[in-house]
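Spelled out from the first residue to the last, the chains are:
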Amino acid sequence: MKKISFQTDVLPLKNVLFRLALRITLNRADAEDVVQETMIKVWNRREQWEQIDSIEAFCLTICRNLSLDKMRRMDNQAQTLEMGDDPTDHSYSANPEEQTVQKDRVTLVRQLISLLPEKQRTAMQLRDIEGKSYKDIADIMSISEEQVKVNIFRARQTIKKEFKKHEEYGL
């Protein structure tokens, strides 16, 4: 087994943990709290690190569970996802109108993702944004690989359908 170090193996996961927590809680402050709680829980279980196959999956599982607990306590499903990064294409070939349309589309997709059921939203986040394998997602979410695939398929279908509806009929 590999010797696990908090500084080199766990701390670098904080951005991945934050994105997962943000997708679930839909609130930046709550996501930051969840990441901090996750780091504390992982540190407090440092004696068990040698028995863990994947410290990343272990951390993501704790983060997911804490995020879900916070959601249950706060019951804040009505809030929208706040993201600070600017997705617009700033290349010289994109004119201001194209940039605005692109930014509106990305915002729409983020809103559609935030409306998905939690399992679909989490599975899609882990697969499409974090690039995790189906097996890793199944371990993190404590479901089968087939359930992961079904959740991702349904999430993509829902977003595709709603996106087309908005594109055809307007916002």
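Residues numbered from 1 in each chain as written. Predicted model: local features only at pLDDT ≥ 70, side-chain atom pairs only at ≥ 80, totals over all residues. Heavy atoms only, no water.

Caption draft 1: Up close: the packing of helix α2 (residues 14–25) against helix α6 (residues 118–129). α6 packs onto α2 with a crossing angle of 155° between their chain directions and a minimal axis gap of 9 Å. Taken as axis vectors, α2 and α6 run roughly antiparallel relative to one another. Of the two elements, α2 crosses α6, and the hand of that crossing is right-handed. Every residue of α6 that contacts α2 at Arg 19, Leu 20, Arg 23 and Ile 24 is listed here: Glu 118, Arg 121, Thr 122, Gln 125, Leu 126 and Ile 129. Broken down by class, the residue content of the contact of α2 with α6 amounts to four nonpolar, two polar and four charged. (Axes fitted to C-alpha atoms, helices over the stretch in contact; angles between N-to-C directions. Helix = DSSP H or I, 4+ residues; strand = E, 2+ residues; numbered from the N terminus. Parallel < 35°, antiparallel > 145°, perpendicular 65-115°, else oblique. Left-handed = near helix turned anticlockwise from the far one by under 90°. Contact = heavy atoms within 4.5 Å. Nonpolar A, V, L, I, M, F, W, Y, C, P; charged D, E, K, R; others polar.)

Caption draft 2: Highlighting the environment of Ile 24. Residue placement: Ile 24 occurs in helix α2. A relative accessible area of 0% means that Ile 24 is categorised as buried. In sequence terms Ile 24 and Met 71 are 47 residues apart; their C-alpha atoms lie 7.7 Å from each other. When neighbours within four sequence positions are excluded, Ile 24 is seen to be in contact with Arg 64, Ser 67, Leu 68, Met 71, Glu 118, Arg 121 and Thr 122. (Buried < 20%, exposed > 50% of the residue type's maximum accessible area, 1.4 Å probe, protein only.)

Caption draft 3: Structural view of the nonpolar core. Counting residues in hydrophobic clusters, the biggest one holds 37 residues, and the most contacted among them are Val 10, Leu 17, Trp 49 and Ile 55. Mapped onto this core, the elements with two or more residues apiece are α1 (6–10), α2, α3 (28–44), α4 (55–74), α6, α7 (134–141) and α8 (145–169). Among the elements that line this core, the one with the most residues is α4, at ten residues. Leaving out residues up to four positions away in the same chain, Leu 17 has contacts with Val 35, Thr 38, Met 39, Cys 59, Leu 60 and Cys 63. Within the second largest apolar cluster, seven residues are counted, among which are Leu 108, Leu 112, Leu 116 and Met 124. (Core = buried A, V, L, I, M, F, W, Y, C linked by side-chain atoms within 4.5 Å.)

Caption draft 4: Summary view of the confidence of the model for the chain. On average, residues of the chain score 82 in pLDDT, and 85% of them are at 70 or above. When mean pLDDT is taken per element in the chain, α3 scores highest with 93 and helix α5 (residues 96–115) scores lowest with 81. Counting interchain partners and residues more than four positions distant, the pLDDT-below-50 stretch residues 76–93 has 34 contacts. (pLDDT = per-residue confidence, 0-100.)

Caption draft 5: Fine view of the packing of aromatic side chains. All chains considered together, the criterion is met by three aromatic pairs. Ring centres 5.3 Å apart and planes at 80° place the aromatic pair Phe 6 and Trp 43 in the edge-to-face group. Separated by 37 residues along the polypeptide, Phe 6 in helix α1 and Trp 43 in helix α3 bring together distant segments of the chain. Judged by relative accessible area, which is 39%, Trp 43 ranks as partly exposed. Ring pairs connect the aromatic residues Phe 6, Trp 43 and Trp 49, which therefore count as one cluster. A cation over a ring is seen here: Arg 127 above Tyr 134, with NZ or CZ 4.0 Å from the ring centre. (Phe/Tyr/Trp six-rings, centres within 6.5 Å; stacked < 30°, edge-to-face > 60°. Lys NZ or Arg CZ within 6 Å of the ring centre and 35° of its normal.)

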